[in-house]
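# Inside the fold
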Amino acid sequence: MEATFTNLISQFGYIGVWFLIFFENVFPPIPSELILPLSGFFTTTTDLTLPGVIIAATIGSITGAYILYGVGRILSRERLMAFFGTKPMRLLGFKPEDISSAVDWFDRKGQVTVLICRCIPVVRSLISIPAGTAKMGVARFSLYTLVGSAVWNTVLCSLGAAAGSAWETVTEQAEWVSDIVKYVIIALVVIIAVVWVVKRVLPAIREQRAQG
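A brief report on the enclosed structure follows. Note that this is a predicted model, so its numbers are computed, not measured. (Residues numbered from 1 in each chain as written. Predicted model: local features only at pLDDT ≥ 70, side-chain atom pairs only at ≥ 80, totals over all residues. Heavy atoms only, no water.)

### A few points about the overall build of the protein chain
Operational definition: A run of DSSP states H or I qualifies as a helix once it reaches four residues; a run of E qualifies as a strand once it reaches two. Both are numbered from the N-terminal end. When a residue's accessible area, from a 1.4 Å probe over protein chains only, is under 20% of the maximum for its type it is buried; when over 50% it is exposed; and in between it is partly exposed. Surface accessibility follows the Shrake-Rupley procedure with a 1.4 Å probe radius. Residue values consider only the protein chains on display as shielding. Neither His nor the chain ends contribute to the count of charged residues, in which Lys and Arg are positive and Asp and Glu negative. Think of each charge as sitting on NZ of Lys, CZ of Arg, CG of Asp or CD of Glu.
Helix and strand counts for the protein chain stand at 12 helices and zero strands. The principal-axis extents of the C-alpha atoms in the protein chain amount to approximately 70 × 35 × 25 Å. Buried positions account for 40% of the 212 residues belonging to the protein chain. With the model as given, the accessible surface of the protein chain reaches about 11,400 Å², and the carbon-plus-sulfur share is 71%. Averaged over its 17 positive side-chain charges, the protein chain has a centre that lies 16 Å from the centre of its 14 negative ones.

As structure tokens, then:
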């Protein structure tokens with residue numbers, strides 16, 4: 001993977017940086033923690049400049065975020081409510097009102113999470129989907145994505161440039177932070193799943209049996 005990224009940036013310069021970060025935003029498993037320090041390192045060995053690399057990466061972040069924002073718009077509140085109102089979803093403890101409440105909360109208080117999450121590994125791309133589902137204004141979404149992405153890109157690109165040939169140490173540290181975030185997310189998911197089964201799934205099964 002590193003060789004592929006290196007070839008793209010060395011051959012296409014800023015366009016290569018833009019493409020990789022665009023792709024990383026659409027497919028979150030691709031690590032920006034590798035792409036950005038590598039891009040910063042290239043500013044020490046090629047004609048690429050640090051401001052140019054940061055701008056290219058930020059444009060890639062924004063254009064990639066629009067794709068997932070569009071996915072969120074397609075997954076509208078109405079469609080999600082209809083889906084979670086089906087019998088299989090009800091047996092899993094879901095209710096259409098859950099979706100409505102979640103979207104309403106995001107619309108009232110959660111929009112700032114777009115800005116915050118752009119600086120957090122793993123969730124930095126996925127946050128665009130609920131923003132689209134809640135029909136967050138394009139202008140505000142763009143502004144929050146721009147600011148959050150610019151901070152993230154500036155930090156990692158600058159560290160990569162400062163580290164020079166040792167840029168991989170920046171990637172290792174960033175990936176270490178990313179791994180911690182992943183473990184925290186997994187732990188939260190497990191806890192929420194257990195609580196959900198006890199509070200929602202088991203009562204729903206009992207209710208279905210009683211009706212049968």
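Back to the text.
### Here we look at the packing of aromatic side chains
Short version of the rule: Any two rings among Phe, Tyr and Trp, with Trp reduced to its six-membered ring, count as a pair given centres within 6.5 Å; such a pair is stacked if its planes are under 30 degrees apart, edge-to-face if over 60, and tilted if neither.
What the rule picks out here adds up to seven aromatic pairs. When the centroid spacing of 5.7 Å and the interplanar angle of 20 degrees are considered together, the rings of F19 and F23 count as stacked. In this pair, F19 and F23 both sit in helix α2 (residues 14-26), four residues apart, roughly one turn of the helix. With a centroid separation of 6.4 Å and an interplanar angle of 25 degrees, the aromatic rings of F41 and W167 are classed as stacked.

### Considering the side chain of R118
The cut-off we apply is this: By salt bridge we mean one thing: a side-chain nitrogen of Lys or Arg within 4 Å of a carboxyl oxygen of Asp or Glu. The criterion used for residue contact is that any of the two residues' heavy atoms lie within 4.5 Å.
Topologically, R118 is positioned in the loop between α8 (112-117) and α9 (123-126). Here R118 is buried and forms no salt bridge, its nearest opposite-charge partner E24 lying at an N-O distance of 5.9 Å. Residues contacting R118, with those up to four places away along its chain left out, are N25, S61, A65, R124, S125, I127, S128, Y144, T145, G148, S149 and W152.

### Considerations on the packing of helix α4 (residues 50-74) against helix α11 (residues 138-163)
What counts is decided by this rule: Helix axes are fitted only over the stretch in contact, all axes being lines through C-alpha atoms; the angle between N-to-C directions runs from 0 to 180 degrees. Throughout this description, any angle smaller than 35 degrees is read as roughly parallel, any larger than 145 degrees as roughly antiparallel, any in the 65 to 115 degree range as roughly perpendicular, and the remainder as oblique. Working rule for handedness: look at the near helix, and if it is turned counterclockwise from the far one by less than a right angle, call the crossing left-handed; if clockwise, right-handed. Note on residue categories: nonpolar means Ala, Val, Leu, Ile, Met, Phe, Trp, Tyr, Cys or Pro, charged means Asp, Glu, Lys or Arg, and polar means any other residue, Gly included.
α11 packs onto α4 with a crossing angle of 140 degrees between their chain directions and a minimal axis gap of 8 Å. In terms of their interaxial angle, α4 and α11 are classed as oblique. Like other packed secondary-structure pairs, α4 and α11 cross with a definite hand, here right-handed. In this structure, α4 contributes L50, V53, I54, A57, T58, S61, I62, A65, Y66 and Y69 to the contact, and α11 contributes V138, F141, S142, T145, L146, S149, A150, N153, T154, C157, S158 and A161. Tallied by class, the residues present in the contact of α4 with α11 amount to 14 nonpolar, eight polar and no charged.

### Points about the nonpolar core
Stated formally: Throughout this description, the term nonpolar core refers to a set of buried Ala, Val, Leu, Ile, Met, Phe, Trp, Tyr and Cys residues connected via side-chain atoms within 4.5 Å.
Ranked by size, the top nonpolar core spans 23 residues in total, and within it F5, I9, V17, I35, L36, L38 and L156 carry the most contacts. Every element with two or more residues in this core is listed here: α1 (2-12), α2, α3 (32-42), α4, α11 and α12 (167-211). It is α3 that provides the largest number of residues to this core, a total of six residues. Those residues within four positions of L156 in sequence are excluded, and the remaining contacts are S32, E33, L36, P37, V170 and A174. Within the second largest apolar cluster, 16 residues are counted, among which are L80, M89, C117 and M136.

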